[in-house]
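Spelled out, the chains give:
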Amino acid sequence: TISAFRIRSVSEDESQESVVYVLAKDDEGNIEELRSLPNGVKDEIDATRGKLIKRVSDWVTLDGSESWDLESINEYGIANFKLIGTLDVFPNIKPGDGSVSLLPARFPEQTTFIADTTTEGFLLNNVPVFFIRIFASTLNTPDVVGFKSYLSQNPIRLIYQLATPIEIPIQTSGS
């Protein structure tokens, strides 16, 4: 949702009308977007206080330039990769079910990583550490180099819940 909109309110007898215009821009003058997550957490605009309450991060792209570690490859050929320095890549992240939304949908969220699973997916645990599981056969080589190469050709985009919401002043006008 682009956060530039008009709110129009008309009394029941249509004798009174009020209109407020809301535009949320960042420091560089770009219009802010509102985002939401599967767990129901969402950005909000408080027009009365003139604030954007940002509870969801901006989009982050994982493109293979990050530090990854191969945790294991199970008997079904699923490789489990751990993102080293999760808090550096995702500052202010709040772990929890549904607190991350990831594209492409090829990697569904998993609440736990069971060793004998046959499915790809991602997990953000409470430490927090971010993991991706992928079929090793998908990679050029079943190691960190192969995984980083895969990400460079197939970047993953995600947004996540902020541990501490950020309040950004916005301008409203109207009556």
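The rules behind the values
Residues numbered from 1 in each chain as written. Predicted model: local features only at pLDDT ≥ 70, side-chain atom pairs only at ≥ 80, totals over all residues. Heavy atoms only, no water. Helix = DSSP H or I, 4+ residues; strand = E, 2+ residues; numbered from the N terminus. Buried < 20%, exposed > 50% of the residue type's maximum accessible area, 1.4 Å probe, protein only. Contact = heavy atoms within 4.5 Å. Core = buried A, V, L, I, M, F, W, Y, C linked by side-chain atoms within 4.5 Å.

## Let's talk about the environment of Asn39
Part 1 of the argument: The residue Asn39 is located in the loop between β2 (17-23) and β3 (44-46) in this model.
Part 2 of the argument: A relative accessible area of 34% means that Asn39 is categorised as partly exposed.
Part 3 of the argument: On a C-alpha basis, the gap between Asn39 and Gly98 in space is 4.5 Å, while along the polypeptide they are 59 residues apart.
Part 4 of the argument: In this view, Asn39 contacts Asp97, Gly98, Ser99 and Gln161; residues no more than four positions away in its chain are not counted.

## Here we look at the nonpolar core
Part 1 of the argument: Counting residues in each nonpolar core, the largest one holds 25 residues, and the members touching the most others are Leu62, Trp68, Phe90, Phe130, Ile132 and Leu158.
Part 2 of the argument: When residues of this core are traced back to their parent elements, those giving at least two are β5 (60-62), β7 (78-83), β8 (100-103), β9 (121-124), β10 (130-135), α2 (144-153) and β11 (156-169).
Part 3 of the argument: When residues in this core are grouped by element, the largest group, four residues, is from β11.
Part 4 of the argument: Once you skip the residues sitting within four places of it in the chain, Phe130 turns out to touch Leu62, Trp68, Phe81, Lys82, Leu83, Thr86, Phe90, Leu102, Phe122, Leu123, Leu124 and Leu158.

## Details of unusual backbone geometry
Part 1 of the argument: In this structure, the amide linkage connecting Leu103 to the following residue, Pro104, adopts the cis form with an omega of 10°.
Part 2 of the argument: Position of Pro104 relative to the elements: it lies in the loop between β8 and β9.
Part 3 of the argument: The amide bond that connects Val127 to the next residue, Pro128, takes the cis arrangement and shows omega of 0°.
Part 4 of the argument: Mapped onto the secondary structure, Pro128 falls in the loop between β9 and β10.

Purely geometric numbers; function is a separate question.
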